[in-house]
Amino acid sequence: MIYSYTQISQYLRCPRSYRYRYLDGWREKDTRAAMVFGRCFEKALQACFEQEDPSAALFKEWGAYRDTPFEYRKGESWDRLVHQGVHLLQKFAQDGRVSIPDPKGNLQLKLTRSLAGGNEFVSYIDAIGELDGKPCLIDWKTTTSRYAEEPEGLLSLDPQLICYSWISGISDVAFVVFVRKQLPEIQYLKATISEEQRREFGRLVESTIAQVESGQFSSHSGIRFPQNGCVSCSHLGLCLNNQQLIETNLVRRPGASDLDWLDELTD
Ligand code: SF4
């Protein structure tokens, strides 16, 4: 069995949701414009490091979805997203804070790690390069709101960065966050992950897999105002037996878990 960060975090959020997705095959429909745009933007970033025109790459990638009937958030459109994307790419080039030596070998790396019982863990790392001249593992994020930066050190608790540090063995990690807002902004957020954090994450992976393999899929509904995790859960229709919600949000595609890493591209 192959596990990923998305699988482990989904189980920890709600084991019932994990069962719906990974055992029963209920996936969220690929109609979220932001997620698809995030994928296109990442291709444009890649072009940036390969000495190609990143704006042209963005137009080419995102252009393929011009007539796709996506669900856009209020105030968003195909044009607005591409405009924000080009602005962010220009700002990124002007900042000049990230360099990727050997982009062919250091962008979108697939890392694997063997686990007990013949299982395997796989991660796709966006980039290994330098931020402000210091070697570091980098994860790109496209989002509509800024990441919290306070209190100091907060990012070192981010489970996705801890996971990537664990699988790569690299202590210095960073999110480069492309914020699509009125005035586009890029956050360069650095963190250092300790050896103890990596060991702890390894134990968390093993104990989570043990619970999956022993068939523990009770619901963690988290119904508590104002942080009600069920409201943003794509599987809400299944829990409420609401056919309309199921048809709106989900598609049943058993065995599609190999694509779940795509969700890690956006926040
Ligand atoms: S709707 Fe709530 S209880 Fe049901 S799967 Fe989602 S998070 Fe879990």
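Definitions and limits used
- Residues numbered from 1 in each chain as written.
- Predicted model: local features only at pLDDT ≥ 70, side-chain atom pairs only at ≥ 80, totals over all residues.
- Heavy atoms only, no water.
- Helix = DSSP H or I, 4+ residues; strand = E, 2+ residues; numbered from the N terminus.
- Buried < 20%, exposed > 50% of the residue type's maximum accessible area, 1.4 Å probe, protein only.
- Contact = heavy atoms within 4.5 Å.
- Salt bridge = Lys/Arg side-chain N within 4 Å of Asp/Glu carboxyl O.

Draft legend 1. Geometry of the environment of Val176. Position of Val176 relative to the elements: it lies in strand β7 (residues 172–179). Note on Val176: relative accessible area 0%, which makes it buried. Separated by 18 residues in sequence, Val176 and Asp158 have C-alpha atoms that sit 14 Å apart. Ignoring anything within four residues of it in the chain, the contact list for Val176 reads Phe92, Val98, Ile138, Asp139, Trp140, Lys141, Ile186, Gln187 and Tyr188.

Draft legend 2. Structural context of the pattern of salt bridges. Under the defined criterion, the tally for this structure stands at 18 salt bridges. Lys43 is the salt-bridge partner of Glu61, the closest N and O atoms lying 3.8 Å from each other. With Glu61 in helix α4 (residues 54–63) and Lys43 in helix α3 (residues 33–49), the pair connects residues that are 18 residues apart, well separated along the chain. Residue class for Lys43 comes out partly exposed when judged on its relative accessible area of 44%. For Glu195, the salt bridge goes to Arg198, with nearest N and O atoms at 3.1 Å. A residue pair is termed a helical-turn pair when its members lie 3 or 4 positions apart in one helix, as Glu195 and Arg198 do in helix α8 (residues 195–213) at 3 residues.

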